[in-house]
Amino acid sequence: MKAARIALRSAAPLAATTTGGGGGIGRATSEVEHFARYSPSPLSIKQFLDFGSTNACERTSFSFLRHELPVRLANILKEIDLLPSPLLITPSVQLVKSWYVQSLMELVEFREKKPDDHKVLSDFIDAIVKVRNRHHDVVPTMAQGVLEYRDSSRMDPFTNQNIQYFLDRFYMSRISIRMLINQHTLIFDNSNSQGNPKHIGCIDPCCDVVDLVHDAFQSAQMLCDQYYFASPDLKLIQVNGKTAGQPLHIVYVPSHLFHMLFELFKNAMRATVEHQEKKPSLDPIEVTVVLGKEDLSIKISDRGGGVPLRKIESLFSYTYSTAPKPVMDSNNSTPLAGFGYGLPISRLYAKYFQGDLNLCSISGYGTDALIYLKALSTESVEKLPVFNKSACKHYQLAIEADDWCVPSKEPKNLSRQSAAA
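Residues numbered from 1 in each chain as written. Predicted model: local features only at pLDDT ≥ 70, side-chain atom pairs only at ≥ 80, totals over all residues. Heavy atoms only, no water.

Points about the overall build of the protein
- Regarding its fold elements, the protein presents 14 helices and 7 strands.
- Among the 421 residues that make up the protein, the fraction classed as buried is 47%.
- As displayed, the protein has an accessible area near 21800 Å², and 53% of this comes from carbon and sulfur atoms. (Helix = DSSP H or I, 4+ residues; strand = E, 2+ residues; numbered from the N terminus. Buried < 20%, exposed > 50% of the residue type's maximum accessible area, 1.4 Å probe, protein only. Areas by Shrake-Rupley, 256 points an atom, 1.4 Å probe, with all protein chains shown as cover.)

Have a look at this one:
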């Protein structure tokens, strides 16, 4: 909290300087209104791939991004202003908003500049790298804002629904903005040597899914061993239903899939270790990977005791976690669980290119987590939030009364009622 307030105080004058002082607020509002009139332009993985491999023209990419990035920033900025006032005024949310406004105004400076000027192209790369670095802590900072609001105000179902709706869209927008920035910098930034030579930007045209499963499992296993001094093993089954006997390769963003797998493995390992702490050995985590004609499906099965049906939807809520609230130490060690947004953001990564992530649990036994990805790059199209009248209605409509009987948490004591009669 203290750090957020200090950062906010330092960010405010910086934003004012960027936008030109007192009149800058009006100009920033005007630019947000201007770009929010446009809808984002979703791209498919095939378009990302074709552009980077055959038509890699930096001028074309610059011309697209100098408009598209402000459009995506402005669309989500309009939704930030629709948040409940007690949440909107928290230091953390105000800090995030100042970052977005500042980034938009810095990108607007390139609107009239000529794409034929090499210095302009170089300055643009510097600008979007600066935007990416500025937004590095957006997820935990926004999450901190929600916690501040939850601890200070009563979270009614209507408000909780709106916050869930907003955060899904806000974090999805952030994923898309980082995707555009990463593609441009990895392909055109000559000073950047971090990219894999076999990748087109951050996309792997021949992503080995089984290798990624092993990498994510080993990373989660190291973390599990660090916290519990024990971890389950991996049992893997792979099926190529498209071309029998061939490796399971798709066109995808490896970092996105790794994020999903790592989060699911962390959850599965924690559940297994805690549920089976009295057993002499831990049951393995079973993973089944299947490539079909349309989908790439990954099922992760554990024997960690499962989750009751009534809690399944809560697992995807940004205000819910089954672990104690983590305490970050000075070494910035990564806690195994506790923040409450690992699963919902993992589902957003799956949905970003038209996939999905679901849970199926048997209470008292274990949980199956299923990742679905599009097997065809032409069908893997960005899923982007758009600010329009339909979006506004979500923040205005209250939850209607249920037209089914809602049971009480505790069964009625009929004997007591009979005695009273």
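Overview of helix α13 (residues 389-396)
- Buried residues of α13: A391, C392 and Y395, and no others. Projection of α13 onto a plane perpendicular to its axis shows the buried side chains occupying an angular sector of 100°, all on one side. Those residues of α13 that are exposed and aimed more than 90 degrees away from the buried face are K389, K393 and Q396.
- As for α13, its buried residues are in contact with α4 (58-80) and α9 (157-188).
- Between the side-chain oxygen of the N-cap and the backbone nitrogen of S390 there are 3.2 Å, and the N-cap of α13 in question is N388. (Arc of directions from axis to C-beta. Contact = heavy atoms within 4.5 Å. Polar contact = N/O pair within 3.5 Å; in protein donor to acceptor, adjacent residues only side chain to side chain.)

Things to note about the packing of α9 against helix α12 (residues 342-352)
- Here α9 crosses α12 at 55°, and the two axes come no closer than 10 Å. The orientation of α9 relative to α12 falls into the category oblique. Judged by the sense of rotation from one axis to the other, the crossing of α9 with α12 is right-handed. Contacts between α9 and α12 involve L167, D168, Y171, M172, I175, S176 and M179 from the first element and I345, L348, Y349, K351 and Y352 from the second.
- Its residues placed into classes, the contact of α9 with α12 shows 9 nonpolar, 1 polar and 2 charged. (Axes fitted to C-alpha atoms, helices over the stretch in contact; angles between N-to-C directions. Parallel < 35°, antiparallel > 145°, perpendicular 65-115°, else oblique. Left-handed = near helix turned anticlockwise from the far one by under 90°. Nonpolar A, V, L, I, M, F, W, Y, C, P; charged D, E, K, R; others polar.)

Some points on a nonpolar patch on the surface
- A cluster of nonpolar side chains, namely I237, V239 and V290, defines an oily patch on the protein surface of about 200 Å² accessible area.
- The partly exposed category is assigned to I237, whose relative accessible area is 42%. (Patch = residues over 30% accessible without salt bridge, like charges linked within 9 Å, V, L, I, M, F, W, Y side chains within 5 Å. Salt bridge = Lys/Arg side-chain N within 4 Å of Asp/Glu carboxyl O.)

Points about the sheet that holds strand β6 (residues 356-362)
- If you trace the 5 strands from one edge of the open sheet to the other, you get β2-β4-β5-β7-β6, paired in mixed fashion. Looking along the sheet, the strands with just one partner apiece sit at the ends: β2 (234-240) and β6. Adjacent strand axes in the sheet meet at a mean angle of 15°, parallel and antiparallel pairs treated alike.
- Note: β2 against strand β4 (residues 285-291), 7 bridges, orientation parallel. Note on β4: the bridge partner recorded for K235 is E286.
- Those strands touched by helix α11 (residues 254-275) are β4, β5 (295-302), β6 and β7 (366-374), and its axis lies near 20° from that of β5. (Pairing = 2+ DSSP bridges.)

Some points on empty space enclosed by the protein
- As enumerated under the stated definition, the model contains 2 cavities of 30 Å³ or more in all.
- Roughly 60 Å³ of internal volume is contained in the largest cavity.
- Around the largest cavity, the lining residues are P40, R72, N75, I76, E79, S173, S176, L384, P385 and V386.
- Among the elements of the structure, α4 and α9 are those that each provide at least two residues to the lining of the largest cavity.
- Element by element, the count of residues in the lining of the largest cavity is highest for α4, at 4 residues.
- Of the residues contributing to the lining of the largest cavity, the split by class is 5 nonpolar, 3 polar and 2 charged.
- Of the pockets and cavities examined, the second largest cavity occupies roughly 30 Å³.
- For the second largest cavity, the full set of lining residues is V131, R132, H135, R174, I177, R178 and I181.
- Only α7 (118-134) and α9 provide two or more residues apiece to the lining of the second largest cavity.
- Considering each element in turn, the lining of the second largest cavity owes the most residues, 4 residues, to α9. (1 Å grid on protein atoms, 1.4 Å probe; cavity = no way out; pocket = protein on both sides within 12 Å on 5 of 7 lines; lining within 4 Å. Points joined across faces, edges and corners; volume = space filled by probe spheres on them.)

Some words on the pairing of β4
- Of the two faces of β4, only one is covered, namely that formed by I285, V287, V289 and L291; the face formed by E286, T288 and V290 stays uncovered.
- The pairing of β4 with β5 spans 6 bridges and is classified as antiparallel. Bridging from a neighbouring strand, V290 pairs with S297 of β5.
- In this antiparallel pair of consecutive strands, β4 and β5, the connection spans 3 residues.

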